[in-house]
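Structural features, examined
Here's the letter readout for the chains.
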Amino acid sequence: MARRKLVYEGKAKILYEGPEPGTLVQYFKDDATAFNAEKKDVIDGKGVLNNRLSEFFMTGLQRIGIPTHFIKRLNMREQLIRQVEIVPLEVIVRNFAAGTMAKRLGMEEGTQLPRPVVEFSYKDDSLGDPLVPEEYIVALGWASQQDLEDIIAMALRVNDFLAGVMHGVGIKLVDFKIEIGRVYDGEFPRLIVADEISPDSCRLWDIETNEKLDKDVFRRDLGSLSDAYTEVARRLGVLPQNNAPSGKPTLVN
Ligand code: CDP
């Protein structure tokens, strides 16, 4: 088979040209990075788990009428996705204070917010993805006012879905990040959920114990990241129930 053309290589994923125009193949690497890639490691099996978990969340969103870039999973590490024009924003939804919000406002991590809040960072690693006010986004032309309203509504729907699914398996959805893509049906642009949804981009805490089951395990050296992600996958039924959390990922077909 001819070598596929590489379109983009990021910290945790690689994009290749897809088989049809308007499609891409998204490959999930085992690389983990944090603090703008100052901390790096390779976590055996992380890419396999995130490929499955992102498939699980994206197909769930589609079933409740939220469009995403996901088309189908191709194999252990790759999925076919729609090519999109990425809106250069990280859309963050928070249900509890943690991470940069807790730090910035001096709040205790885990404080429940009176309602979910949506915030935006400008996607630029060299600037450290700075937080941006909505007015900048419109003024600088990254999204129109209407797009912004649609993105907020979509992010809150994603939040309700993810928080509900997680609650069902005893996990608190503290916060998460999504990225939004623009696709064109003829001339008409539409916004869809793109990138990935996985424990790399969410904060997930056990409801009973507040044990962290997300990338903070890696960021803060709290134990085995692969065990944490395997536990999330096992609870969601993406891995067989009898798979020991410390075992290597065993995949259900
Ligand atoms: O994660 P960090 O403390 O740097 O930033 P945050 O603003 O508190 O992150 C909020 C949520 O967005 C967390 O679940 C992060 O994992 C996620 N996030 C992400 O996936 N990618 C980024 N570049 C920034 C945040």
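Below is a short write-up of the structure. (Residues numbered from 1 in each chain as written. Predicted model: local features only at pLDDT ≥ 70, side-chain atom pairs only at ≥ 80, totals over all residues. Heavy atoms only, no water.)

**As for the overall build of the chain**
Helix and strand counts for the chain stand at six helices and 14 strands. Taking 253 residues into account, the globule formula puts the C-alpha radius of gyration at 18 Å, and the chain, at 18 Å, falls close to it. Counting contacts in the chain only where the partners sit at least 6 residues apart, residues at least 24 apart contribute 54% of the total. As presented, the chain carries roughly 12500 Å² of accessible surface, and 51% of it is formed by carbon and sulfur atoms. The chain carries 33 positive and 39 negative side-chain charges, and their two centres are separated by 3 Å. (Helix = DSSP H or I, 4+ residues; strand = E, 2+ residues; numbered from the N terminus. Rg over C-alpha atoms; globule rule 2.2 N^0.38 Å. Contact = heavy atoms within 4.5 Å. Areas by Shrake-Rupley, 256 points an atom, 1.4 Å probe, with all protein chains shown as cover. Lys, Arg positive; Asp, Glu negative; His and termini not counted. Charge placed at Lys NZ, Arg CZ, Asp CG, Glu CD.)

**With respect to the sheet that holds strand β1 (residues 6-9)**
Read across the open sheet, the five strands follow the order β1-β2-β3-β7-β6; overall the sheet is antiparallel. At either margin of the open sheet sits one strand with a lone partner, and together these are β1 and β6 (70-73). Within the sheet, the average angular offset between the axes of one strand and its neighbour, ignoring direction, is 25 degrees. For β6 and strand β7 (residues 78-82), the ladder comprises three bridges, and the chain directions are antiparallel. Within β7, the position partnered with phenylalanine 70 by the bridge is isoleucine 81. Across the sheet, helix α1 (residues 46-63) is in contact with β3 (23-28), β6 and β7; its angle to β6 comes to roughly 135 degrees. (Pairing = 2+ DSSP bridges. Axes fitted to C-alpha atoms, helices over the stretch in contact; angles between N-to-C directions.)

**Topic: unusual backbone geometry**
Excluding glycine, most residues fall at negative phi; most peptide bonds, likewise, are trans. In this structure, alanine 37 takes a positive phi of about 70 degrees despite not being glycine. Tracing the sequence through the fold places alanine 37 in the loop between β4 (31-34) and β5 (39-42). One non-glycine residue, asparagine 210, lies in the positive phi region at around 65 degrees. Relative to the elements of secondary structure, asparagine 210 occurs in the loop between β14 (202-206) and α5 (216-219).

**Considering the site of the ligand**
Taken together, 15 residues are adjacent to the ligand, and Glu90, Arg94, Thr100, Asp175 and Arg219 come closest. A distance of 2.6 Å separates a nitrogen atom of the ligand from a polar atom in the side chain of glutamate 90. At a separation of 3.2 Å, a nitrogen atom of the ligand approaches a polar side-chain atom of aspartate 129. Contributing elements (two or more residues each) for the shell around the ligand: β9 (89-96), α2 (99-105), β12 (171-185) and β14. Its residues assigned to classes, the shell around the ligand comprises four nonpolar, three polar and eight charged. (Near = heavy atom within 4 Å. Polar contact = N/O pair within 3.5 Å; in protein donor to acceptor, adjacent residues only side chain to side chain. Nonpolar A, V, L, I, M, F, W, Y, C, P; charged D, E, K, R; others polar.)

**Remarks on the pairing of strand β10 (residues 112-122)**
Pairing between β9 and β10: seven bridges, direction antiparallel. Paired with leucine 89 across the bridge in β10 is tyrosine 122.

**Thoughts on the packing of α1 against helix α6 (residues 225-235)**
The description of two helices packed together rests on the angle between their axes and the distance between the axes. Relative orientation of the contacting elements α1 and α6 amounts to 25 degrees, with a least axis distance of 10 Å. By the angle between their directions, the pair α1 and α6 is classed as roughly parallel. The two elements α1 and α6 cross, and the hand of that crossing is left-handed. Between α1 and α6, the residues in contact are Lys46, Leu49, Asn50 and Leu53 and Leu225, Ser226, Tyr229, Thr230, Val232 and Ala233, respectively. Its residues placed into classes, the contact of α1 with α6 shows six nonpolar, three polar and one charged. (Parallel < 35°, antiparallel > 145°, perpendicular 65-115°, else oblique. Left-handed = near helix turned anticlockwise from the far one by under 90°.)

**Looking at the nonpolar core**
Soluble globular proteins tend to bury their nonpolar side chains together. By size, the foremost hydrophobic cluster in this structure holds 49 residues, and its most contacted members are Phe120, Val158, Ile178 and Ile197. The element that contributes the greatest number of residues to this core is helix α4 (residues 145-168), accounting for eight residues. Not counting residues within four places of it along the chain, the set of residues in contact with isoleucine 197 comprises Leu53, Ser54, Phe57, Met58, Leu61, Val158, Leu162, Ile178 and Cys202. (Core = buried A, V, L, I, M, F, W, Y, C linked by side-chain atoms within 4.5 Å. Buried < 20%, exposed > 50% of the residue type's maximum accessible area, 1.4 Å probe, protein only.)

**Quick notes on the side chain of glutamate 231**
Here glutamate 231 is to be found in helix α6. Side chain to side chain, glutamate 231 and arginine 234 meet in a polar contact 3.0 Å long.

**What about the side chain of arginine 203?**
Structurally, arginine 203 is set in strand β14. For arginine 203, a relative accessible area of 11% translates into the label buried. Within the local environment of arginine 203, its side chain forms a polar contact with the side chain of aspartate 216, the two groups lying 2.7 Å apart. Apart from residues lying up to four places away in sequence, arginine 203 is in contact with Ala98, Gly99, Lys172, Leu173, Val174, Asp175, Asp214, Asp216, Arg219 and Arg220.

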